[in-house]
Amino acid sequence: MTEQSALLLRKQLAELNKNPVEGFSAGLIDDDDIYQWEVVVIGPQDTLFEGGFFKAHLIFPHDYPLRPPKMKFITEIWHPNVAKNGDVCISILHEPGEDKFGYEKPEERWLPIHTVETIMISVISMLADPNGDSPANVDAAKEWRDDPNGEFKRKVARCVRKSQEMAFD
């Protein structure tokens, strides 16, 4: 599977370089390792994250696309579906099959038809519309639910500012 997954990832990277998708850019962390990508998510327009440049790593398993990659923001980000350590928690990145907690339907979880593009579109959508029902960051979810224009907005604005400063380092 390793050879096939590497070929598939090379093809997806070439396609993204040839036809960039609005909202993110992607490349390799190390040119010699097709399984470790660095992506930059551009904060979606008309959201609290607008103007931000959020760097993240996508780490693919060698049996991709049978199993999903892991995604972790390297740039600090305050969001209900991003753990405080940066790990992204959305259905599309959860292992395929039944959810042992009964929260997600199998078709909402990872499917081998997903690509880097579909993952990133889901992440951009997550930034615009958090899922407060299954938060990875309970504190951010509580602030987002209780006072989205107060403390939550201030923390997101600080992260956006920091991301802008780091983008040009």
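Keep in mind that this is a model prediction, so the values were computed, not measured.

Engineer: Tell me about helix H1 (residues 2–18), and please be specific about residues and values.
Structural biologist: Over its 17 residues, H1 extends 24 Å from the first C-alpha to the last, a length consistent with the 24 Å expected when each residue adds 1.5 Å. Taken as a whole, H1 has its buried residues at Ser-5, Ala-6, Leu-9, Gln-12, Leu-13 and Leu-16. Projected down its long axis, H1 carries its buried residues within an arc of 125 degrees, all on one side. In H1, the exposed positions angled more than 90 degrees off the buried face are occupied by Glu-3, Gln-4, Leu-7, Lys-11 and Lys-18. Turning to H1, the residues buried within the fold contact strand E1 (24–28), strand E2 (36–42) and helix H2 (116–128).

Engineer: Break down the sheet that holds E2 for me, citing the residues and quoting the values.
Structural biologist: Spatially, 4 strands are ordered E1-E2-E3-E4 in an open sheet, and the strand pairing comes out antiparallel. If you trace the sheet from one side to the other, it starts and ends with E1 and strand E4 (70–73), each paired once. With direction set aside, neighbouring strand axes in the sheet form an average angle of 25 degrees. Relative to E4, strand E3 (residues 53–59) runs antiparallel, the two sharing 4 bridges. Bridge pairing in E4 links Ile-59 to Lys-70.

Engineer: Please give an account of the pattern of salt bridges that cites residues and values.
Structural biologist: Opposite charge on two side chains permits them to pair, given that their charged atoms come into close proximity. Taken as a whole, this structure holds 9 salt bridges when the rule is applied. For Lys-142, the salt bridge identified is with Asp-146, shortest N-O distance 2.7 Å. Linking Lys-142 with Asp-146, this pair stays in helix H3 (residues 138–146), spanning 4 residues, or about one helical turn. A salt bridge links Arg-154 to Glu-151, with the nearest nitrogen and oxygen atoms 2.8 Å apart. With a gap of 3 residues between them, Arg-154 and Glu-151 both fall in helix H4 (residues 151–167), about one helical turn apart. Linked by salt bridges that have partners in common, Asp-63, Arg-67 and Glu-95 make up one network.

Engineer: Can you explain the layout of surface pockets? Please cite residues and give values.
Structural biologist: In this model, the largest pocket occupies a volume close to 190 Å³. Taken together, 16 residues form the lining of the largest pocket, with Cys-89, Ile-90, Ser-91, Met-126 and Asn-131 sitting closest to its centre. When its residues are assigned to classes, the lining of the largest pocket shows 6 nonpolar, 7 polar and 3 charged.

Engineer: Break down the packing of aromatic side chains for me, citing the residues and quoting the values.
Structural biologist: Within the structure shown, the criterion is met by 5 aromatic pairs. Ring geometry for Tyr-64 versus Trp-110: centroids 5.9 Å apart, planes at 45 degrees, classification tilted. Of the two residues, Tyr-64 sits in the loop between E3 and E4 while Trp-110 sits in the loop between E4 and H2, which places them 46 residues apart along the sequence. As far as burial versus exposure is concerned, Tyr-64 and Trp-110 are alike and both buried. Joined through ring pairs, the aromatic side chains of Trp-37, Phe-60, Tyr-64 and Trp-110 make up one cluster.

Engineer: Summarise the side chain of Ser-5; cite the residues concerned and give the values.
Structural biologist: As for its position among the elements, Ser-5 is in helix H1. With residues near it in sequence (within four places) discarded, Ser-5 still touches Tyr-35, His-62 and Tyr-64.

Engineer: Can you lay out the side chain of Thr-47 for me, pointing to particular residues and giving the numbers?
Structural biologist: Following the sequence through the fold, Thr-47 ends up in the loop between E2 and E3. Judged by its relative accessible area of 18%, Thr-47 is buried. A distance of 2.7 Å separates a polar atom in the side chain of Thr-47 from the backbone oxygen of Pro-44.

Engineer: Give a detailed account of the packing of H3 against H4, specifying residues and quantitative values.
Structural biologist: Interaxial distance between H3 and H4 falls to 8 Å at its minimum, and their mutual angle equals 125 degrees. Taken together, H3 and H4 sit at an angle that is classed as oblique. Residues Ala-140, Glu-143 and Trp-144 of H3 form the contact with H4, whose own contacting residues are Glu-151, Phe-152 and Lys-155.

Rules used in this analysis
Residues numbered from 1 in each chain as written. Predicted model: local features only at pLDDT ≥ 70, side-chain atom pairs only at ≥ 80, totals over all residues. Heavy atoms only, no water. Helix = DSSP H or I, 4+ residues; strand = E, 2+ residues; numbered from the N terminus. Expected span 1.5 Å × (residues − 1). Buried < 20%, exposed > 50% of the residue type's maximum accessible area, 1.4 Å probe, protein only. Arc of directions from axis to C-beta. Contact = heavy atoms within 4.5 Å. Pairing = 2+ DSSP bridges. Axes fitted to C-alpha atoms, helices over the stretch in contact; angles between N-to-C directions. Salt bridge = Lys/Arg side-chain N within 4 Å of Asp/Glu carboxyl O. 1 Å grid on protein atoms, 1.4 Å probe; cavity = no way out; pocket = protein on both sides within 12 Å on 5 of 7 lines; lining within 4 Å. Points joined across faces, edges and corners; volume = space filled by probe spheres on them. Nonpolar A, V, L, I, M, F, W, Y, C, P; charged D, E, K, R; others polar. Phe/Tyr/Trp six-rings, centres within 6.5 Å; stacked < 30°, edge-to-face > 60°. Polar contact = N/O pair within 3.5 Å; in protein donor to acceptor, adjacent residues only side chain to side chain. Parallel < 35°, antiparallel > 145°, perpendicular 65-115°, else oblique.

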